[in-house]
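Secondary and tertiary structure notes
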Amino acid sequence: MNNNTGLRKNKHLNERERYAIELYLRENYTIQEISKRLGRHKRTIEREIARGTVYLQNSDLTYRKVYCADVGQRKYIENGKNKGPQLKIGNDHKLARYIESKIINEKYSPDAVLGEIKAKGLQFKTSICTKTLYNYIDRGDVFLRLTNKDLPVKKDGKKRIYQKIKRVAHKNLKGCSIEERPQEADERVEYGHWEMDCVVGKKENQEVLLVLSERKTREEIILKMPNKTQESVIRAIDVLEFKYKKRFREKFKTITVDNGPEFLDFKEIEKSKIEAGRSRTKIYYAHPYSSWERGTNENINKLIRRFIPKGTDISKISKAKIKSIEKWINDYPRRIFGYKSAKEMASTC
């Protein structure tokens, strides 16, 4: 009893002290005596005894209350796991259901969901940031149905390393190189400059998708073709010209393509089928092995793959389904535009 240990403040009881409490209670020490021996406040000892007390059965089937250091330590560890701030989304079930529906059913990214909520001024009890939402999904116990498997893309934070290659002439020597493309197209300051590519399905000789992506607004046009040939590409562009008529030349000022064989007949792609002897657009060819020169195409193709994974038989996908995918892409909120959609951006051009 003759010790000079001062009362320990703001320090939790440790496992050794809990075993000491159990031993002192067996020897019938009072709470006041135990608090003095351990240098702890009386209320600290009382709370610990209440936490670790269990009922044990006697030989005559009666019960007695006993403090158990192991039980007290186990409850202390369990309570420690529950420390920290409560989940912001915990009391906003409406927001949780909205996020789940957007990501699982409508294939939105977490950032797009939260951005759309802010852009449209949707009202919920609470608000969270993109990083917090990713953390909630990582935990796996916040949402009823939403998991990491439902996310369209989850990057590992590593930036892709592009190898420097020597700039060589494009494959189609008679066509115009991307280096000759107007500055307005390069800088995305003018509407009407597109990138074009093909999205293949199970096999290249089966039906494919011809996709056109507008560089400034990210507007998307998707057309179904019977195969990946020059004739099919020219026929698809003809369909667009007959649709837009005289507006075609203004809407499609330039089109940038890769050096695939289906795009090599630039003269027929450029030649108008409505106005004889006139061109309807201008074709430019990117450098070989330089897909980043058509970055808009490549990024939007990833959105298409959310609905049409690689290896899918495109012939089994209806035109109505393709149009619904096109509409989804054009209505998708884009962070680069303050979460406005490509449709909204195109309407202002």
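Just so it is clear, the model here is predicted, and its values are computed rather than measured. (Residues numbered from 1 in each chain as written. Predicted model: local features only at pLDDT ≥ 70, side-chain atom pairs only at ≥ 80, totals over all residues. Heavy atoms only, no water.)

Quick look at the nonpolar core
- Counting 34 residues, the largest nonpolar core has I89, I99, F143, L209, I222, I304 and I329 as the members making the most contacts within it.
- For this core, the secondary-structure elements that each account for two or more residues are helix 5 (93-105), helix 6 (110-120), helix 7 (130-139), strand 5 (208-214), helix 12 (295-305) and helix 13 (319-331).
- With residues near it in sequence (within four places) discarded, I89 still touches L95, A96, I99, T126, I128, Y136, V142 and F143.
- Counting 27 residues, the second largest nonpolar core, distinct from the first, contains V233, Y244, V257 and F266. (Core = buried A, V, L, I, M, F, W, Y, C linked by side-chain atoms within 4.5 Å. Buried < 20%, exposed > 50% of the residue type's maximum accessible area, 1.4 Å probe, protein only. Helix = DSSP H or I, 4+ residues; strand = E, 2+ residues; numbered from the N terminus. Contact = heavy atoms within 4.5 Å.)

Here we look at the confidence of the model for the protein chain
- Per-residue confidence for the protein chain gives a mean pLDDT of 89; residues scoring 70 or more make up 90%.
- At the low end of the mean pLDDT range in the protein chain sits helix 4 (residues 69-81), at 88; at the high end sits strand 7 (residues 254-257), at 97.
- In the predicted structure, residues 165-170 sits below a pLDDT of 50 and forms 17 contacts with residues beyond four places in sequence or in another chain. (pLDDT = per-residue confidence, 0-100.)

Regarding the packing of aromatic side chains
- Here the structure, examined in full by the defined rule, presents 11 aromatic pairs.
- Between the aromatic rings of Y244 and F252, the centroid separation amounts to 5.9 Å while the plane-to-plane angle is 65°, which identifies the pairing as edge-to-face. Accessibility classification places Y244 together with F252 in one group, the buried group.
- Connected via pairs of aromatic rings, a cluster forms that spans Y191, W194, Y244, F248 and F252.
- Across from the ring centre of Y76, 4.6 Å away, lies the NZ or CZ of R18, which sits over that ring.
- Cation over ring: K102 sits above Y108, and NZ or CZ is 4.6 Å from the ring centre. (Phe/Tyr/Trp six-rings, centres within 6.5 Å; stacked < 30°, edge-to-face > 60°. Lys NZ or Arg CZ within 6 Å of the ring centre and 35° of its normal.)

Describing the pattern of salt bridges
- All told, the structure shown has 29 salt bridges when counted by the stated rule.
- Note that R139 and D141 form a salt bridge whose closest N and O atoms lie 3.2 Å from each other.
- On the basis of relative accessibility, which here comes to 53%, the residue D141 falls in the exposed class.
- Put simply, K323 and E326 hold a salt bridge, and the shortest N to O gap is 3.3 Å. One end of the pair is K323 and the other is E326, both in helix 13 and 3 residues apart, which spans about a single turn.
- By relative accessible area, which is 39% here, K323 ends up partly exposed. (Salt bridge = Lys/Arg side-chain N within 4 Å of Asp/Glu carboxyl O.)

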